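Summary of the model geometry
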Amino acid sequence: MQRPQILAVVGQGYVGLPLAMAAIDAGWSVIGVDNFEAKVSQINSGSSPVEDVSDLQLQSAIAKGVYRATTDFTAVADASVITICVPTPLDNKREPDLTLLRSAASGIAPYVSNETLVVSESTSYPGTLRDIIIPIVNSFKPATTSSIYFASAPERVNPGDPNWNQKNTPRLVGAVDEGSKIRALAFYEAICDAVVSVSTPEVAEAAKLLENTFRLVNIALVNEFTQLCSAGGINVHEVIDAASSKPYGFMPFRPGVGVGGHCIPVDPLYLTWWAHQNGSNATFVELADVINHGMPKYVAHRALSMVDQIINNPKVLIMGVAYKSGVGDVRETPVSELRDCLKTGGAEVAWHDPFVTTWEGTNPVDLDWDCDVAILATMQPGMKVDQLIQRGIKILDCTNSMTVREGVYSL
Ligand SMILES: NC(=O)c1ccc[n+]([C@@H]2O[C@H](COP(=O)([O-])OP(=O)(O)OC[C@H]3O[C@@H](n4cnc5c(N)ncnc54)[C@H](O)[C@@H]3O)[C@@H](O)[C@H]2O)c1
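Residues numbered from 1 in each chain as written. Predicted model: local features only at pLDDT ≥ 70, side-chain atom pairs only at ≥ 80, totals over all residues. Heavy atoms only, no water.

Surveying the vicinity of the ligand reveals 27 residues, the closest of which are V15, D34, K39, T88 and S103. At 2.6 Å from an oxygen atom of the ligand is found a side-chain nitrogen or oxygen belonging to T88. Summarising the interface, the protein chains cover 94% of the accessible area of the ligand, which totals 820 Å² for the free molecule. For the shell around the ligand, the class distribution of residues is 13 nonpolar, nine polar and five charged. (Near = heavy atom within 4 Å. Polar contact = N/O pair within 3.5 Å; in protein donor to acceptor, adjacent residues only side chain to side chain. Areas by Shrake-Rupley, 256 points an atom, 1.4 Å probe, with all protein chains shown as cover. Nonpolar A, V, L, I, M, F, W, Y, C, P; charged D, E, K, R; others polar.)

Take a look at the structure:
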């Protein structure tokens, strides 16, 4: 008998909740499992915690009875497909921390039914599915479950992106065997416009790391190039625009305060760690990480040099603390390091971000906060930065979103 199309998504965050909604659009019923009780209550009350899923969309799914969130892992027993979408951060040694991934795998294991497909969408180093997730699930699965299918399908979503989403971004799928491949391809073909089948889960896992490392090193290159141009009196953005006129072989990246978010600063370190495990060194990637982490200090230095040097403790306003425009996500935001560098330089620092209500235990100020210089770190939609120019306050624009004119300095 055909099993009902029930998907369990473990982890209801930036990846898991949009995936749940995409599966519902494709005719699936979805159980969202998350171990954070307050988030589960929020979601079940119809309030979406992520920008890419609207309250309306969530409320409609709940009202139709095709979606519910729960903290109870026993619910996965009803699912024919289980996807794992939990965070894969770094530990305090800046090495892969798979604690949450392991706990998600051991959470589902006792309830995985026979013939269920288990997919990891979390980003991790090659071998994570085969060497970590599968042994855990197989060790704790019910005695009645003889056959489980496994695949890796790393999520590539870019939260807040108006053009590319979970559905129209081609999905990489690498499965452990033929049966798993058939099921994984069928599932993703139902919810994505295009699916790219690769030979193993390790290829899919490595491809995801390559994609994000590609961004990291190119951002590092342009961040270093910016410092060279600035020292030589050239506007880097004009240089990037000029180079972009080449119709092939060049892709523009823009400088900024550094790199932030859950992916770009983190995933390449999964790659460097994995390289070390295999007796190799990812020297180039490690250097890119160092260069990007040097940017907050550089930005702080540039901003403080714009202040009249007779002011000992300048007041600096940071505009935009989220790691990118259009979201309230402050994970790994380089603005933390920027604030610390400014404080080390003797500054009094305040921040403003219409998308962020509190940040690291502090509250925002209004744009009319009395300051000596302002740094546009992240350009948030609707942020009326022009009012600072009208008040005669100099702005260091790290986002290339303001027209260069008197009082506005480009990075
Ligand atoms: N956010 C992105 O832009 C993005 C893009 C592509 C891939 N990824 C990857 O996807 C994965 C998930 O990232 P995210 O941004 O959705 O994270 P998130 O923090 O937004 O959401 C993860 C959710 O998982 C829950 N959770 C944690 N441990 C759990 C457990 N053991 N059992 C059940 N629930 C658990 C958390 O409470 C949280 O709600 C990560 O590996 C990340 O690198 C993220």
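There's more to say after this.
Turning our eyes to something else, we now look at the pattern of salt bridges. This structure, assessed with the given rule, holds 12 salt bridges. Its salt-bridge partner being E360, residue R339 comes within 2.7 Å of it at the nearest N-O pair. Highlighted residues: R339 in helix α11 (residues 335-344) and E360 in the loop between β10 (348-352) and β11 (373-376), separated in sequence by 21 residues. E360 gets classed as partly exposed once you look at its relative accessible area, which sits at 48%. Taken together, the shared-partner salt bridges connect E121, E155 and R171 into one network. (Salt bridge = Lys/Arg side-chain N within 4 Å of Asp/Glu carboxyl O. Helix = DSSP H or I, 4+ residues; strand = E, 2+ residues; numbered from the N terminus. Buried < 20%, exposed > 50% of the residue type's maximum accessible area, 1.4 Å probe, protein only.)

As a further point, take the side chain of E121. On the secondary structure map, E121 appears in the loop between β5 (116-120) and α5 (128-140). On the accessibility criterion, E121 (2% relative accessible area) is buried. Beyond its immediate chain neighbours, meaning those up to four positions away, E121 contacts V15, L19, T83, I84, C85, A153, P154, E155, R171 and Y188. (Contact = heavy atoms within 4.5 Å.)

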